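# An overview of the molecular structure
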Amino acid sequence: MEQVLQNNLISAAVQLEKQLDNELSRLDSLGGEDLEKLREQRIQEMKKQAAQRQEWKNNGHGEYSELADEKEFFEVSKKSANIVCHFYRDSTPRCRIVDMHLKILAQKHLEAKFCKVNAEKCPFLTQRLRIKVIPSIALIKDSKTKDYIVGFTDLGNCDDFSTEMFEWRIAQSGAIDYNGDLLTPPDDKKKKKQAYNSKKTIRGGYVSDDSDIDFDD
C-alpha cells in the first residue's frame, strides 16, 4: 500500500513538472506582440476585479450590518447576489457568538453581503424563509436561498467552534468563495492533528444545543 502511494506521488510530481515545462516553453515562444497582448489582458482582468470589489463595497459588502426591516432586506437582495443573513433575537445568547464570527468573515469575503435581521421585528420575512430556530443563518446564492445553518448542530454542536469552521459551513452553499477542502471540516483537521501530536485518544460527547430556540414557542 505504501509503495502504491509513493508511486502515485512520484507520478503526480512528474506530471506537474511536465505541465510547468510546457507553460515555460509556451511563454518562451511568445513574441513581443504576444507578450504585450497577454499583459494587456491581465491589466483588463485586474481592472475588472477592482471595479467589482468597489461595487461590492458600495453595496455595503465588507462589513456586517443590521437590516431594519423586510423592505431593506429585499432592497439588499436586488443588489447582492450572495447574502449571508443571520436571524437573531436579543434574548438568545448564542446570537452574539454568531455576530462575533460574521464580523470577521464579512471583512474577509467581499463577494457576499453579511447582515442580520431581528426575527421579532420582521415576522413576514421570518415566516417566508421558514425560520423556526434562533439563531438561523439563511445562505443565499445568485438570489436564491440555497441553504440554512440552523443552530450550532452543523458547527460541531458546541459554542466554541472556530471562525474557520463557520466559514467552511457557509461555503457549502456556494455563497462565499473557499480555497480549502470542502469535504473535511477544518475543526476535524485540528482535532486529528492534536491527537497525533499528543499521541492520546480524545474521547468526549457533543454539547447539547439547548440554547437553540424554537421561534414558534
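Residues numbered from 1 in each chain as written. Predicted model: local features only at pLDDT ≥ 70, side-chain atom pairs only at ≥ 80, totals over all residues. Heavy atoms only, no water.

## Re the packing of aromatic side chains
The description of an aromatic ring pair rests on the distance of the ring centres and on the angle between the ring planes. Keep this limit in mind: When the centres of two rings from Phe, Tyr and Trp lie within 6.5 Å, Trp using its six-membered ring, the rings pair. Their planes under 30 degrees apart give stacked, over 60 give edge-to-face, and anything left gives tilted. Exposure classes here rest on a 1.4 Å probe applied to the protein chains alone. A residue is buried below 20% of its type maximum, exposed above 50%, and partly exposed in between. Geometrically, a charge over a ring is one whose NZ (Lys) or CZ (Arg) sits within 6 Å of the ring centre while staying within 35 degrees of the ring normal.
Scanning all chains against the criterion turns up three aromatic pairs. Here the aromatic rings of Phe-152 and Phe-161 are separated by 4.9 Å at their centres, their planes lie at 80 degrees, and the arrangement is edge-to-face. This pair shows no difference in class: Phe-152 is buried, exactly as Phe-161 is. Their ring planes at 80 degrees and their centres at 5.6 Å tell us that Phe-161 and Phe-166 sit as a pair that is edge-to-face. Judged by its relative accessible area of 4%, Phe-161 falls in the buried class. Among the aromatic residues, those joined into a cluster by ring pairs are Phe-152, Phe-161 and Phe-166. Above the ring of Tyr-88, the side-chain terminus of Lys-116 is found at 4.8 Å from the ring centroid.

## Notes on the confidence of the model for the chain
This is how the line gets drawn: Every residue is assigned a pLDDT by the predictor, reflecting its confidence on a scale from 0 to 100. It only takes one pair of heavy atoms within 4.5 Å for two residues to be counted as in contact.
Taken residue by residue, the chain gives an average pLDDT of 82. The fraction at 70 or more is 73%. Scored below 50 in pLDDT, residues 199-217 shows 38 contacts in the model against residues more than four places distant or in partner chains.

## Structural notes on the pairing of strand S6 (residues 144-150)
To keep it simple, the criterion reads: Two strands make a pair as long as DSSP finds a minimum of two bridges between them. Helix numbering and strand numbering both begin at the N terminus, where a helix is a DSSP run of H or I of at least 4 residues and a strand a DSSP run of E of at least 2.
Sheet topology places strand S5 (residues 136-141) next to S6; six bridges connect them, and they run antiparallel. What sits directly across from Ile-137, in S6, is Ile-149. The turn linking S5 back onto S6 is made up of two residues, and Asp-142 within it adopts a positive phi angle of 55 degrees.

## A short note on the sheet that holds strand S3 (residues 113-118)
Cut-off, in case you're wondering: To define axes, lines are fitted to C-alpha atoms, for helices over the stretch in contact only, and angles between the resulting N-to-C directions are given on a 0 to 180 degree scale.
Within the open sheet, the five strands sit side by side as S1-S3-S2-S5-S6. Their pairing is mixed. In this open sheet, the two strands that pair with only one neighbour each are strand S1 (64-67) and S6. Each strand axis lies, on average, 25 degrees off the axis of its neighbour in the sheet, ignoring direction. Summarising the sheet, strand S2 (residues 83-88) and S3 pair through six bridges and their orientation is parallel. If you follow Phe-87 over to S3, its bridge partner there is Val-117.

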